[in-house]
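# Secondary and tertiary structure notes
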Amino acid sequence: MSATNVSRIAIAAGVAASTVLLLAGPAAAHVSVQPQGEAAKGGYATLNFKVPNERDQASTVKLEVNFPADHPLSSVTPEAVPGWKIAITKGKLDKPLEVHGRKITEAVTKVTWTADGSKIAPGYFQQFPVSVGQLPEDADQLVFKAIQTYDNKEVVRWIEEPKGGEEPDSPAPVLKLTAATEDHHGGAADPAGDDDHKADDQAASTEGDKGDKKETHAASSSSDTTARTLGIIGILIGIAGVAFGVLAGRRRKA
């Protein structure tokens, strides 16, 4: 085989590989959801909704994430993202939830991020963090249907649920749930609870330090008082001894 034929084959193979990558790229770049750490059943977690920009001539200016109605979450708290406004939509529950002894009659059904001085430009992505809980114990995954809007008015609906082993053309973000943990907090423990424990520990430590200082000060004061008393007694004994000696000397002379 000549060197010219080898070069042609190599060029053809390179073009074919590039074509495959170009075709596979857009299909893989879609809105997705990933937990920070684990998302354990019955626990709490912080989720990151990752939004890549798939267009070369347009920027993403809006994201809507719909929360599963079949497994409503009692707590949904989005993190502030610079340059984006956040709107939270709630709805009444057909069946109230009971969380930590309280009945929850409504839950978040949708969170919307709208560009307010910022955009997701071509070639970039943005993450939108949300703290959620309590995750269901009777499900292996949660499906969050998302809608992505570009500044050229194009709307992409990532709402197709996966069926079987094949990924649909416009898959919805799917969160895989892991086995329940003993503390029921999953990969992200309750921040308020941790803060309370830390505050209690710090208070106890502070009080302990104060108590130790008081005891040390009291012991020091007691030692000082004892030393002073013994010193005074010693001085008095010394004076009495001198006086006794003087009197004794006078009696002998007499």
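What counts, and where the lines are drawn
Residues numbered from 1 in each chain as written. Predicted model: local features only at pLDDT ≥ 70, side-chain atom pairs only at ≥ 80, totals over all residues. Heavy atoms only, no water. Pairing = 2+ DSSP bridges. Helix = DSSP H or I, 4+ residues; strand = E, 2+ residues; numbered from the N terminus. Axes fitted to C-alpha atoms, helices over the stretch in contact; angles between N-to-C directions. Buried < 20%, exposed > 50% of the residue type's maximum accessible area, 1.4 Å probe, protein only. Contact = heavy atoms within 4.5 Å. Salt bridge = Lys/Arg side-chain N within 4 Å of Asp/Glu carboxyl O. 1 Å grid on protein atoms, 1.4 Å probe; cavity = no way out; pocket = protein on both sides within 12 Å on 5 of 7 lines; lining within 4 Å. Points joined across faces, edges and corners; volume = space filled by probe spheres on them. Nonpolar A, V, L, I, M, F, W, Y, C, P; charged D, E, K, R; others polar.

With that settled, the discussion passes to the sheet that holds strand β7 (residues 125–133). Strand pairs in the sheet, formed through backbone hydrogen bonds, run parallel or antiparallel to each other. The four strands are arranged β1-β2-β7-β4 in an open sheet whose pairing can be described as antiparallel. Of all the strands in the sheet, just β1 (32–35) and β4 (75–78) have a single pairing partner and so form its edges. Averaged over all pairs of adjacent strands, the angle between their axes in this sheet comes to 30°, without regard to strand direction. In terms of strand pairing, β1 meets strand β2 (residues 45–52) through four bridges, oriented antiparallel. Within β2, the position partnered with Val33 by the bridge is Phe49.

A few words now on the side chain of His71. Counting through the fold element by element, His71 comes out in the loop between β3 (60–66) and β4. Residue His71 is classed as buried on the basis of its relative accessible area, which comes to 17%. Beyond its immediate chain neighbours, meaning those up to four positions away, His71 contacts Pro136, Asp138, Ala139 and Leu142.

A complete count under the given rule lists seven salt bridges for this structure. Here Lys110 ties to Glu64 by a salt bridge, and the two come within 3.4 Å at their closest N and O atoms. Of this pair, Lys110 sits in strand β6 (residues 102–115) while Glu64 sits in strand β3, placing them 46 residues apart in sequence. A relative accessible area of 14% places Glu64 in the buried class. Between Lys145 and Glu161 there is a salt bridge; the shortest N-O distance is 3.9 Å. With Lys145 in strand β9 (residues 145–150) and Glu161 in the loop between β10 (155–158) and β11 (174–176), this pair connects stretches of sequence that are 16 residues apart. Several salt bridges share partner residues, and in doing so they unite Glu54, Arg55 and Glu154 into one network.

So, about the pairing of strand β5 (residues 84–99). Pairing of β5 with β6, which is carried by twelve bridges, proceeds in the antiparallel orientation. Within the sheet, the bridge partner assigned to Lys90 lies in β6 and is Val108. The antiparallel hairpin formed by β5 and β6 contains two residues in its connecting segment, where His100 sits at a positive phi of about 55°.

Each pocket or cavity is described by its volume, and for the largest pocket that value is around 490 Å³. Lining the largest pocket are 26 residues; nearest its centre among them are Asp70, His71, Pro72, Leu73 and Leu97. Among the elements of the structure, β5 and β6 are those that each provide at least two residues to the lining of the largest pocket. A total of nine residues in the lining of the largest pocket trace back to one element, the largest contributor, which is β5. Tallied by class, the residues present in the lining of the largest pocket amount to 13 nonpolar, six polar and seven charged. What the second largest pocket holds in volume is close to 160 Å³.

Let us look at unusual backbone geometry. Peptide bonds are trans in most cases, and residues, glycine excluded, mostly fall at negative phi. Look at the link from Gly133 to Gln134: it is a cis peptide, with omega at -10°. Counting through the fold element by element, Gln134 comes out in the loop between β7 and β8 (141–143). A positive phi angle, close to 75°, is found at Lys153, a residue other than glycine. Inspection of the secondary structure assignment puts Lys153 in the loop between β9 and β10.

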